[in-house]
Amino acid sequence: MPDNTLVRLIDVCKRFNKGSETITIFDRLELSIPAGDFVAVMGPSGSGKTTLLNLLGGIDRADSGEIHIGGIRVDALSESALTRWRGAHVGFIFQFYNLMPMLTAAQNIELPLLTRPGKDRRRHVETALKVVELADRKKHYPREMSGGQQQRVAIARAIVSNPDLLLCDEPTGDLDRATADEILSVLRLLNRDLGKTIVMVTHDAAAARHARRTLHLDKGRFIERDLAA
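Let me begin by describing the structure that accompanies this report. Nothing here was measured: the structure is a model prediction, and the numbers come from that model.

What counts and how
Residues numbered from 1 in each chain as written. Predicted model: local features only at pLDDT ≥ 70, side-chain atom pairs only at ≥ 80, totals over all residues. Heavy atoms only, no water. 1 Å grid on protein atoms, 1.4 Å probe; cavity = no way out; pocket = protein on both sides within 12 Å on 5 of 7 lines; lining within 4 Å. Points joined across faces, edges and corners; volume = space filled by probe spheres on them. Nonpolar A, V, L, I, M, F, W, Y, C, P; charged D, E, K, R; others polar. Helix = DSSP H or I, 4+ residues; strand = E, 2+ residues; numbered from the N terminus. Axes fitted to C-alpha atoms, helices over the stretch in contact; angles between N-to-C directions. Parallel < 35°, antiparallel > 145°, perpendicular 65-115°, else oblique. Left-handed = near helix turned anticlockwise from the far one by under 90°. Contact = heavy atoms within 4.5 Å. Pairing = 2+ DSSP bridges. Salt bridge = Lys/Arg side-chain N within 4 Å of Asp/Glu carboxyl O. Buried < 20%, exposed > 50% of the residue type's maximum accessible area, 1.4 Å probe, protein only. Polar contact = N/O pair within 3.5 Å; in protein donor to acceptor, adjacent residues only side chain to side chain.

This part takes up empty space enclosed by the protein. In total, this model carries 1 cavity of 30 Å³ or more according to the counting rule given. Taken together, Leu55, Gly58, Asp60, Arg61, Ala62, Ile67, Val74, Asp75 and Leu82 make up the full set of residues lining the largest cavity. Along the lines of polarity and charge, the residues of the lining of the largest cavity split into 5 nonpolar, 1 polar and 3 charged.

Quick look at the structure:
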């Protein structure tokens, strides 16, 4: 494997029980993503796209196989160690923002940093707000912001702890085309200028074209279809 490999899945198997039936999502799945890549993952509903993100982020565990991220075998970590690793190395961006409505933009962004000293937290929050160009909205509540602005807050929250890996689950699925393109431009900036490695699940071919490459997930296997322009 190249020295710059950040994500590596080896023979990963994942199954779910549905009543008396066992459904196989992944059977000996293999994946390698170099540091600094921006990968779009597409596939039909039920193909395991969100399950993949959950495995990469340590939210779910594989039944067998190995998951290495940044040189750490995360599937072998204890629950407490996994929680610490996730907080330091992974940022999540969701379709519906998952902001706390009673908190301001700055307070939402600050949530991953609550164990750090206050002065240090404020500095990181201000930096994240500048990256997503929302410094003038830091005291606004989610209800006072557009969908695109709320997603920018969610992105700032995801990057405030300076993670190695960003996992995006349909990050533009609730936005109109113009706003979606603005959000995707922010993700491209994070990848190009800040070197963030991004894995984005999407149903939208136009969104996928913003990535460096596209993988199609079908029947538990990856197919690399094309490179984005």
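There is more to say, and it comes next.
Moving on, we come to the layout of surface pockets. Estimated volume of the largest pocket: approximately 390 Å³. Along its surface, the largest pocket is lined by 16 residues, and Gly87, Val90, Phe92, Pro112 and Arg157 are the ones closest to its centre. Those elements that place two or more of their residues in the lining of the largest pocket are α2 (79-89), β6 (90-93) and α5 (147-159). Among the elements that line the lining of the largest pocket, the one with the most residues is α2, at 4 residues. Its residues placed into classes, the lining of the largest pocket shows 7 nonpolar, 5 polar and 4 charged. Each pocket or cavity is described by its volume, and for the second largest pocket that value is around 220 Å³. Every residue lining the second largest pocket is listed: Arg123, His124, Thr127, Ala128, Val131, Ile159, Val160, Asn162, Leu194 and Lys196.

The next thing to look at is the packing of α5 against helix α6 (residues 177-192). Relative orientation of the contacting elements α5 and α6 amounts to 20°, with a least axis distance of 10 Å. Classified by the angle their axes make, α5 and α6 are roughly parallel. Of the two elements, α5 crosses α6, and the hand of that crossing is right-handed. On α6, the residues that touch Gly148, Gln151, Arg152, Ile155 and Ile159 of α5 are Thr179, Glu182, Ile183, Val186, Leu187 and Leu190. In terms of residue class, the contact of α5 with α6 is made up of 6 nonpolar, 3 polar and 2 charged.

A sheet is described by the order of its strands in space; here 4 strands give the open sequence β2-β1-β4-β5, paired in antiparallel fashion. The open sheet is flanked by β2 (21-34) and β5 (72-73), the only strands paired with a single partner. Where strand β4 (residues 64-69) and β5 come together, 2 bridges link them in antiparallel fashion. Paired with His68 across the strands is Arg73, a residue of β5.

Further remarks concern the pairing of β4. Pairing analysis gives 5 bridges linking strand β1 (residues 5-18) to β4, with the strands arranged antiparallel. The residue of β4 that forms the bridge with Val7 is Ile69. Connecting β4 to the next strand, β5, in antiparallel fashion are 2 residues, including Gly70 with a positive phi near 60°.

Charged atoms that come close allow side chains of opposite charge to pair. Inspection of every chain in the model, using the stated rule, returns 12 salt bridges. Lys14 serves as the salt-bridge partner of Asp60, at 3.2 Å between the closest nitrogen and oxygen. Here the residue Asp60 occupies a position in the loop between α1 (49-56) and β4, and Lys14 occupies one in strand β1, the gap between them amounting to 46 residues. Asp60 sits in the partly exposed class, given a relative accessible area of 22%. In this structure, the salt-bridge partner of Arg213 is Asp37, at a minimum N-O distance of 2.6 Å. Taken together, the residues Arg213 in strand β9 (residues 213-218) and Asp37 in the loop between β2 and β3 (38-42) connect sequence positions 176 residues apart.

The exposure class of Lys14 is buried, given its relative accessible area of 7%. Reaching out from Lys14, the side chain makes a polar contact with the backbone oxygen of Arg61 at a distance of 2.9 Å. Not counting the four nearest positions on each side in its chain, Lys14 is found in contact with Ile23, Thr24, Ile25, Phe26, Thr51, Asp60, Arg61, Ala62 and Asp63.

Read these as layout, nothing more, since geometry by itself doesn't imply function.
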